Amino acid sequence: MSSLSTPATGGPEPLLLLLDPAARQTDGESVRIAKDVLCGGADVKVVYPESPSELDRVLSHRGRRRPVVIGSDLALQRVLQALYRQRELGADPVGMVPVGRSEELAAARALGVPGEPVRAARAVLSGASRKFDLLVDDGGGVALGGVRITGAGARRPGGRTSGWRSLWAKLAAAEQANALTADGRPSAEHHPRIRVEADGRLLADVHRPVRLVQVTLPGGEPDGGGVLEVVVRASGALVRARAASVSVVGRGFGYEADGHPVGPVRARTWTAHPGAWGLLLPAA
């Protein structure tokens, strides 16, 4: 991991700029522009964490510096997850400059982060903090938007697996490869046999194969009051519910958190944490 500090220039808060290594490969010019704007307006320390352990270390030693992510949705998710595990998630709002392929930035767009690097960097320097709910699981993972369980577990990841992508992605890909038919669709025998409960209410049980479980934070609501929206499709029946927590138990299932593969696991409980973190967005 390398780092670079710039002298203070009157910015209101010192910044810890967390540059996802994958972002430099994807769009080096946007990274350079964002760095120039941020370094010109604040006391900035730039770091290039190349592993989750390095990310944990730089965040735990950041002092008063406000975390700012340059990278994809996954990079932001990893930073929020590390802050959550360190019990520092609500201490300071987080900034983000989205850099990556379009499909890697869906959560950033939904949250209202400007897509253009100069506007995003200026929002970090002079924007306002807005609180958002967070989906947290009992394994210490987090999701910005939601999680999804399908017949083949987690979707096969495409493209690179560099940056801060977890090794779980490779495990989930291997699980899915064994659960696909020749045309690439989930085989019937691999629909997971799982039990799904929402606030203790049974939505699906192991005697019926489950084709889909989707757990999301209410769309378009920055602070949804700690409520989750749950959709379960089993044997043709569709069940919808709203709950504070959702539990899934089975012999082994994979899932996607914000579109990124996790698992397989045997049990997982997701809980909505209302107003758990703040994001710097353009001032109204």
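Residues numbered from 1 in each chain as written. Predicted model: local features only at pLDDT ≥ 70, side-chain atom pairs only at ≥ 80, totals over all residues. Heavy atoms only, no water.

With that out of the way, let us pick up the packing of helix α2 (residues 28-41) against helix α6 (residues 117-126). Where α2 meets α6, the closest approach of the two axes is 9 Å, and the angle between their N-to-C directions is 30°. Accordingly, the angle class assigned to the pair α2 and α6 is roughly parallel. Judged by the twist between their axes, the crossing of α2 over α6 is right-handed. Across the interface between the two elements, S30, I33, A34, V37, L38 and G41 from α2 touch P117, V118, A121, R122, V124 and L125 from α6. Per-class residue counts for the contact of α2 with α6 are nine nonpolar, two polar and one charged. (Axes fitted to C-alpha atoms, helices over the stretch in contact; angles between N-to-C directions. Helix = DSSP H or I, 4+ residues; strand = E, 2+ residues; numbered from the N terminus. Parallel < 35°, antiparallel > 145°, perpendicular 65-115°, else oblique. Left-handed = near helix turned anticlockwise from the far one by under 90°. Contact = heavy atoms within 4.5 Å. Nonpolar A, V, L, I, M, F, W, Y, C, P; charged D, E, K, R; others polar.)

On to the nonpolar core, then. One finds L76, L80, L134 and W277 to be the most contacted residues of the largest nonpolar core, which totals 29 residues. In terms of nonpolar packing, the next biggest core, distinct from the first, is built from 28 residues, A204, A243, F253 and A272 among them. (Core = buried A, V, L, I, M, F, W, Y, C linked by side-chain atoms within 4.5 Å. Buried < 20%, exposed > 50% of the residue type's maximum accessible area, 1.4 Å probe, protein only.)

Okay, the confidence of the model for the chain next. For the chain, per-residue confidence averages 83 on the pLDDT scale, and residues scoring 70 or more make up 79% of the total. Within the model, pLDDT remains below 50 along residues 1-11, and this stretch shows 29 contacts once partners closer than five positions in the same chain are excluded. Overall, residues 153-189 carries pLDDT values under 50, and its contacts beyond four positions in sequence, including any with other chains, amount to 72 contacts. (pLDDT = per-residue confidence, 0-100.)

For the structure on display, the rule yields two aromatic pairs. Geometrically, the ring pair formed by Y255 and W270 is edge-to-face, given 5.1 Å between the ring centres and 90° between the ring planes. In this pair, Y255 is assigned in strand β14 (residues 245-257) and W270 in strand β15 (residues 260-281), connecting sequence segments 15 residues apart. (Phe/Tyr/Trp six-rings, centres within 6.5 Å; stacked < 30°, edge-to-face > 60°.)

In total, this model carries 10 salt bridges according to the counting rule given. Among the salt bridges present, the one from R195 reaches E197, with a minimum N-O distance of 3.0 Å. Here R195 makes a salt bridge to D205, at a shortest N to O gap of 3.1 Å. Of this pair, R195 sits in strand β9 (residues 194-198) while D205 sits in the loop between β10 (201-204) and β11 (210-216), and the two are 10 residues apart along the sequence. For R195, a relative accessible area of 33% puts it in the partly exposed group. Several salt bridges converge on common partners, so that one network encompasses E29, R32 and D36. (Salt bridge = Lys/Arg side-chain N within 4 Å of Asp/Glu carboxyl O.)

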